[in-house]
2 protein chains.
Amino acid sequence: MRFDPTDLRLFLAVADAGSITHGAADAGLSLPAASERLGDMELSGGVRLLDRGRRGVALTEAGEALAHHARLISRQMAMMRGELGEYATGLRSTLRVLANTAAMAELMPQRLAGWMGANPRVDLDLK
Amino acid sequence: MRFDPTDLRLFLAVADAGSITHGAADAGLSLPAASERLGDMELSGGVRLLDRGRRGVALTEAGEALAHHARLISRQMAMMRGELGEYATGLRSTLRVLANTAAMAELMPQRLAGWMGANPRVDLDLK
DNA sequence: TCCTTTTACGCCACACGTAATCATC
DNA sequence: GATGATTACGTGTGGCGTAAAAGGA
């Protein structure tokens, strides 16, 4: 049960998107990489997290529980990053992105995922 | 700023032990591996986390902040594992270890670290 | 027959440990 | 000199993407 931040981020993306295909894209992973990660999560936890169906996936009860905790942990990690950022000495840069709610939810993730992967030294602060 | 669970676990071990040498052992890592991880954490965060001194290390202000959040996140992750464990289908096993407080703090970490690394399918529940 | 997921496969990078070096008291 | 941290370096593997196969309504 590793559940590193990438696992949690991917799982939430898949939960939100309703399919591994779109969730993988939102998380900046290829579809097979995402499928493998999710499979490993289920295997290592000994529990099914997703019900695979024709039009994507749905969360099992355990999946819902995981999503709940994953959201809490993500929030906590964001707070950690934020507080740590206040001590930063300028090596790091933060880029604030402004967008309305619809654009944020529908367009930003897939647009930014790849870019963020290519620019790890820059934190994105979506407001 | 990756800060995966291993990073957090290591940092807390180092914070508790007061030296990278002993913290690395408690976290089940070699000293150089731990040193590199900590250095990368400081580099990627753009902030010093540890003051290196003659007899080990001390946390900077930023380090204290990180330790605080790391403890919260670790707790949250433990709760997540616990709840997920209730859904598990028997593939995984949990081993409960009983020890008094002093032994828990002083002896258990270094004894168990290696063993846990070699037995990833077993969760240790230290009570 | 599509749309989604899984499996196969080769590759590269990263994280590790051993060993050597540096620093500080 | 002893203790603790860092640097150097070679190695193995874990996670990735491309491509091909399988499954379901």
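As annotated in an unreviewed UniProt entry, chain A carries the name Regulatory helix-turn-helix protein, lysR family and comes from Paracoccus aminovorans.

Describing the pairing of strand S1 (residues 50-53) of chain A
All names here are of chain A. Both S1 and strand S2 (residues 56-59) contribute to a ladder of four bridges, which runs antiparallel. Each bridged residue has a counterpart across the sheet, and for Leu50 the counterpart in S2 is Leu59. Connecting the antiparallel pair S1 and S2 is a turn made up of two residues.

Details of the UniProt feature "domain: HTH lysR-type" (unreviewed entry) in chain A
On the UniProt side, "domain: HTH lysR-type" (unreviewed entry) is annotated at positions that read residues 3-60 of chain A here. End-to-end, the C-alpha atoms of residues 3-60 of chain A are 17 Å apart, and along that stretch the chain is 62% helix and 14% strand.

Here we look at the packing of helix H1 (residues 5-17) of chain B against helix H2 (residues 20-27) of chain B
All names here are of chain B. Running from N to C, H1 and H2 point in directions that differ by 135°, and their axes come no closer than 8 Å. The angle between the axes of H1 and H2 places the two elements in the oblique class. The crossing of H1 and H2 is right-handed. Residues Arg9, Leu10, Ala13, Val14 and Ala17 of H1 touch H2, and the partners they reach there are Ile20, His22, Gly23, Ala24, Asp26 and Ala27. The residue inventory of the contact of H1 with H2, partitioned by class, reads seven nonpolar, two polar and two charged.

Digging into the pattern of salt bridges
All names here are of chain B. One pass over the structure, following the stated rule, counts twelve salt bridges over all chains. In this structure, Arg52 and Glu42 form a salt bridge, with 3.1 Å as the shortest nitrogen-oxygen distance. Of this pair, Arg52 sits in strand S1 (residues 50-53) while Glu42 sits in helix H3 (residues 31-45); the two residues are ten residues apart in sequence, bridging distant segments of the chain. By relative accessible area, Arg52 is classed as partly exposed at 42%.

Basis of the calculations
- Residues numbered from 1 in each chain as written.
- Chains lettered and ligands numbered in written order.
- Predicted model: local features only at pLDDT ≥ 70, side-chain atom pairs only at ≥ 80, totals over all residues.
- Heavy atoms only, no water.
- Pairing = 2+ DSSP bridges.
- Helix = DSSP H or I, 4+ residues; strand = E, 2+ residues; numbered from the N terminus.
- UniProt positions renumbered as here; feature names shortened; annotations may be inferred.
- Axes fitted to C-alpha atoms, helices over the stretch in contact; angles between N-to-C directions.
- Parallel < 35°, antiparallel > 145°, perpendicular 65-115°, else oblique.
- Left-handed = near helix turned anticlockwise from the far one by under 90°.
- Contact = heavy atoms within 4.5 Å.
- Nonpolar A, V, L, I, M, F, W, Y, C, P; charged D, E, K, R; others polar.
- Salt bridge = Lys/Arg side-chain N within 4 Å of Asp/Glu carboxyl O.
- Buried < 20%, exposed > 50% of the residue type's maximum accessible area, 1.4 Å probe, protein only.

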